Every structure is written in structure tokens, then in C-alpha cells.
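Observations on chain architecture
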Amino acid sequence: MPTLSDLAVRHTKLSEADIEWLHTLVSDWQLLADLSFADLILWAPLPGTQRRTVGGESVDEPEGWVAIAQMRPTTGPTVYHDDIVGSMVHRGQRELIDTAWSERRICREGDPDWSTGVPVREETIPVRHAEGHFLGVIQRSTNLSSARTPSRLELTYLQSASDLAQMVAEGRFPFSGEPPILVRSPRVGDGLLRLDRAGRVTYASPNALSAYRRLGLHADLVGAELGRLTATLCYSDEPINEDLMIVASGRAAKETEVESGGTIVQLRAIPLIVGGGRIGALVLLRDVTELRRRERELMTKDATIREIHHRVKNNLQTVAALLRLQARRLRVPEGREALEEAVRRVGSIAIVHETLSHAPEEFVDFDDIADRVIAMAGEVSAPEAGVTPRRTGTFGIMPSLIATPLAMALTELLQNALQHGRPKRLEVVVDAQHFEHRPDRRERLTVIVRDDGRGLPEDFDLDNSTSLGLQIVRTLVEGELSGKLSIEPRDGGGTEVTLSIPLPAA
């Protein structure tokens, strides 16, 4: 399905600033849909040539309309079960849309529409930019099939929706210059308070009242000055937090959290500014105590895991230092070489754990690990060999379950290339590529380690090789990574080792 930006760029003459304003509106218009108990469709004007004057203002008459966004209510039944986005209508097919655009006003005329077998009340709201020009029209469609005598809550919702619709028509909603609303912001059904101009509560939904009860409120919430009451509940022994009072009194379009007695409540204030003056505010709130507790637990677990990785890295470095010290004391060349290989293997694992100790999750940027492993291999090689290891391609982000064995395998292959290469001007290249495996549609990582050394012996057989390094690589690749390993001679001399490893789903 095409996006709002795609449709606006393709079919309208809206500027980038206009499209950004519509994006801001659409990111928060679930609030209007829920308060209205209605579906919302945003229509943008198709380019037209007719012009007329309305109230001294020159108005373009579009040749038609394109639906660029749609929202269904969570508080009532929907009217449109199918998606309308991308649909186009000619001028004259939707009279209320044409009238709202031409006369720059909210249109509520007409009887319910029964064409679909369900009574639907249609309203249209012109969308005005904060700078004054109009961008489109919102069609608000209400399913009246379950109409009944409205409750106090529903009447408050509808009045609030009417105020927000007027703000949209005046270019006062969404709020210009305010940060974007978070996905986890309180919704209408979580809890709603309606405040008057002085910041006193005129209506409190049952969920909102329950949240304040958990904060420690014992008196009636209706009639209370919300800013001062909230500050008193949360800061009884401390100076009053002015920022909290500004949000809780509805004077600023912001969000905050209040905590008292172990309960955490998230508040979002929406000033209602109609006709140039503030008439009150809506305050949406939600009890996020359990959510914040789980987030703190996850942060504690993440910190513990990172500390474990840090300690494992330190322990591995200690083991490597002890092995290196023991190797220096040995006088048998074979034993010294075996211990030095063990030092490199332990070092490659330590690099992974060091990276994980700084990562917020069990995922690492393997490009950094590969570069460090390659650099370590170049540092331990003999200076006279003239080794120039380098990497091409990208490994990307990988889970630790793949990173550790892959780092060890890469270390073994680089060490093997250095040991059996030519003594002069040896070049080792590590090439990483990502492919999609056709049969199972899984992404596979292909790692190629190639050198221009002496090459493979004529009787080389991977299955019968006695090399400890190759046996380790084969066990890691085929056993732990469920991949494939192949070793082939290169044209012109040298060896090419290919690893093909399936990657987990993103």
C-alpha cells in the first residue's frame, strides 16, 4: 500500500513542509478518532485550475480528491472495513468535502447516509496549517447502528472531539514545534480528565479516577485543581515541581510521569485552544507501574549480562597471559608453538566478550571483531613475511551465538594462512558477502579467506586432514554454525577457504 508521502508527492502539489505537517497530524489523530467514535479519512486536493474568492481569500478549486490516510476508532464500530487509502473521487461526488474546502469550515449538514445498509453520519473538517493555508479535508464517518442515549463519558468524549476538530480547522492541532508523540503515550481508553480554563477537573473517567486512587488520592477528583493536587500527592515533603504543575494543569502540550507510593502514572496534557483562547485541557493518563518495573528489571539484567561478559573477558586475558608466560619458559619449540596458538584462540574469544560487554543486547557488530582478529593475526606474524591482511565486504550485526565460533574459525584460518604461506609478501584477504539461499529463503553469510601462499599439497584431503586448526574450524563451522566448509586451490597459486553459514531470521 502506498504511503502518505508517496500519494502526496505523486498526486498533489503539497510542499515538503505541508506533507510534514500532515504526517504530524496523522501520527496523533487516533485521539480524534477515539473521542469521535468515528472513522477518519484524510483527503488531499488534486491539482485544479478553477479559482474563486471566499471571504476575500483566493481559493483553488481542486478537480478531485485523493485519500492519503485512514484511521479507525478503538472506541466504537468502524464504518469502512476495507482500506480507502489511494482512492480518488471527482469534485461533486463528495459534497461535504467540497464545501468544507471551499467555505473553510466544519460541515455537519445532512441526514445519515443509509446507502450501505448502516446509518452513517458524515462530517468534514478542513485541515489548516499553522501558517494559515489549507492542506486538505478530514472526513469523519460515525456508525450509528448502535446509537443509544449517551453517557456522561460519551458526552465528554464528543465535546472534546468537537473542540479538537475546531483546533484542526484553525491550524492549532497538531501542536507546532512540540516533540512527536510516543507510541506508548496514553490513549483515550486508558484514562481521561477534562479540565476547565483554571485547571480544575470537570470530568474524570473511571480509569483516570482509579489511577489517582492508586497514587494516594482519598478525596473527590472532580473540582480539584489538578496541578497542585498532583504535586501534593507526589512531593508532599519536597518543593512543588513547577514543570509537573504546568503539565498537570494542562497549560502545555507535554508528557510527564508522576510517582507516589510505588505507583507510576504517565500524564499527557492537550491544551484546548479554540477561537484564539484556551478553554481548558484534556489530560490522558495511564498506570505504567508494571511496565516501568519490567523495564527496570530488563535494564538490571542487561547490566548484569554486560558485567559477566566483562569479567569473562578479563579472565580470558588472564589465561592468555599465563599461557604466554608458560610458552616463554618452554625450550621445546613444538610446545611453545602450541601454547602460542592457544593464546591466539583464547584472545579471539576475549575479543567477542569485550565487544559484548559494551553492547546493550546480545548482538555485536562483527565487522569490528573481524578487523581486530585480522589485525591481531598480522601483529603476531613474522615481520619478514610482509603480511598485509585486509577485509573486504561486510559481516554486519550478529548474535553472540554466531560471533564467538565465527571469530575462532577466522582466527584459525588466518593463522593457517600465515603458517603455510610464502615467506615473502604474503597477502591474506577476508571477503564477507550476504546471499539469499533459494530453497529455504534464509540469508546466508559467505566468508572467503584467500591467500597467495604456497597452496595446498597435492594429496590434500579435508576429511582426512590431521591439522588441529582445520579440525577446529570444521567442528565450529559444521557443528556449531550448521554451515559448510570448502578448501580449494587458487588459480595462480595460493588457497581459498569458503565458509557458508546460515543466519537467523532478523
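Our subject is the structure that appears above.
Residues numbered from 1 in each chain as written. Predicted model: local features only at pLDDT ≥ 70, side-chain atom pairs only at ≥ 80, totals over all residues. Heavy atoms only, no water.

Observations concerning the side chain of Ser-185
As for its placement among the helices and strands, Ser-185 is situated in the loop between α5 (152–170) and β8 (192–195). Only 2.4 Å separates the side chain of Ser-185 from the side chain of Glu-255, close enough to count as a polar contact. Discounting chain neighbours no more than four positions away, the residues touching Ser-185 are Glu-255 and Gln-266. (Helix = DSSP H or I, 4+ residues; strand = E, 2+ residues; numbered from the N terminus. Polar contact = N/O pair within 3.5 Å; in protein donor to acceptor, adjacent residues only side chain to side chain. Contact = heavy atoms within 4.5 Å.)

As for the packing of helix α1 (residues 4–11) against helix α2 (residues 16–27)
Relative to each other, α1 and α2 sit at 145°, their axes nearing to 11 Å. Considering how the two elements wind past one another, α1 and α2 form a crossing that is right-handed. On α2, the residues that touch Leu-4, Ser-5, Ala-8 and Val-9 of α1 are Ile-19, Leu-22, His-23 and Val-26. For the contact of α1 with α2, the class distribution of residues is six nonpolar, two polar and no charged. (Axes fitted to C-alpha atoms, helices over the stretch in contact; angles between N-to-C directions. Left-handed = near helix turned anticlockwise from the far one by under 90°. Nonpolar A, V, L, I, M, F, W, Y, C, P; charged D, E, K, R; others polar.)

Remarks on the sheet that holds strand β1 (residues 38–45)
To summarise the sheet geometry, strands pair through backbone hydrogen bonds and adopt either a parallel or an antiparallel arrangement. If you trace the five strands from one edge of the open sheet to the other, you get β5-β4-β1-β7-β6, paired in antiparallel fashion. The sheet terminates laterally at β5 (88–90) and β6 (120–128), the two strands that pair on one side only. If you compare each strand with its neighbour and ignore which way they point, the axes differ by 30° on average. Each of β1, β4 (64–71) and β5 touches α1; the most contacted strand, β4, lies at about 175° to it. (Pairing = 2+ DSSP bridges.)

Concerning the environment of Val-430
As for its placement among the helices and strands, Val-430 is situated in strand β16 (residues 428–436). In sequence terms Val-430 and Leu-413 are 17 residues apart; their C-alpha atoms lie 9.9 Å from each other.

Regarding the sheet that holds β8
Overall, antiparallel pairing links the five strands, which are arranged β9-β8-β12-β11-β10 in an open sheet. Two strands bound the open sheet, and with one partner strand each, they are β9 (201–204) and β10 (255–260). When strand polarity is set aside, the average angle formed by the axes of neighbouring strands in this sheet is 25°. Of the strand pairs in this sheet, β8 and β9 are connected by three bridges, and their pairing is antiparallel. In the strand pairing of β9, Arg-194 is matched with Tyr-203. With respect to the sheet, helix α7 (residues 226–234) is in contact with β8, β9, β10, β11 (263–274) and β12 (277–287), its orientation differing from that of β10 by roughly 45°.

Details of empty space enclosed by the protein
Scanning the model with the defined rule gives three cavities of 30 Å³ or more in all. There is about 40 Å³ of room inside the largest cavity. Lining the largest cavity, in full, are Gln-30, Leu-31, Asp-34, Pro-186, Arg-187, Val-188, Arg-268 and Leu-284. Counting residues per element, the lining of the largest cavity draws most heavily on helix α3 (residues 30–36), at three residues. (1 Å grid on protein atoms, 1.4 Å probe; cavity = no way out; pocket = protein on both sides within 12 Å on 5 of 7 lines; lining within 4 Å. Points joined across faces, edges and corners; volume = space filled by probe spheres on them.)

Concerning the pairing of β12
As defined by bridge partners, β8 adjoins β12 across four bridges and the pair is classed as antiparallel. Across the sheet, Arg-194 pairs through a bridge with Leu-282, a residue of β12. Bridge analysis of β11 against β12 gives 10 bridges, and the strand direction is antiparallel. The partner of Ile-270 across the bridge, within β12, is Leu-282. In this antiparallel pair of consecutive strands, β11 and β12, the connection spans two residues, and Gly-275 shows a positive phi of 65°.

Quick word on the environment of Val-222
Locating Val-222 in the fold gives a position in the loop between α6 (206–215) and α7. With 18 residues separating them along the chain, Val-222 and Ala-204 place their C-alpha atoms 6.6 Å apart. In this structure, Val-222 is in contact with Val-201, Thr-202 and Ala-204, ignoring residues within four places of it in sequence.

Topic: the environment of Arg-268
Looking at the element boundaries, Arg-268 is found in strand β11. Residue Arg-268 is classed as buried on the basis of its relative accessible area of 5%. Residues Arg-268 and Glu-255 lie 13 residues apart in sequence; the distance between their C-alpha atoms is 4.3 Å. A distance of 2.4 Å separates polar atoms of two side chains, one belonging to Arg-268 and the other to Asp-28. (Buried < 20%, exposed > 50% of the residue type's maximum accessible area, 1.4 Å probe, protein only.)

Some details on the packing of aromatic side chains
Within this structure, the stated rule accounts for four aromatic pairs. Pairing Trp-65 with Trp-101 gives two aromatic rings, centres 5.5 Å apart and planes at 75°, and the pair type is edge-to-face. Remark: Trp-101 occurs in helix α4 (residues 95–103) and Trp-65 occurs in strand β4; sequence separation between them is 36 residues. In this structure Trp-65 comes out as buried when scored by relative accessible area, which is 0%. Consider the rings of Phe-173 and Phe-175, whose centres lie 5.6 Å apart with planes at 85°: the pair is edge-to-face. Both residues of the pair, Phe-173 and Phe-175, count as buried. (Phe/Tyr/Trp six-rings, centres within 6.5 Å; stacked < 30°, edge-to-face > 60°.)

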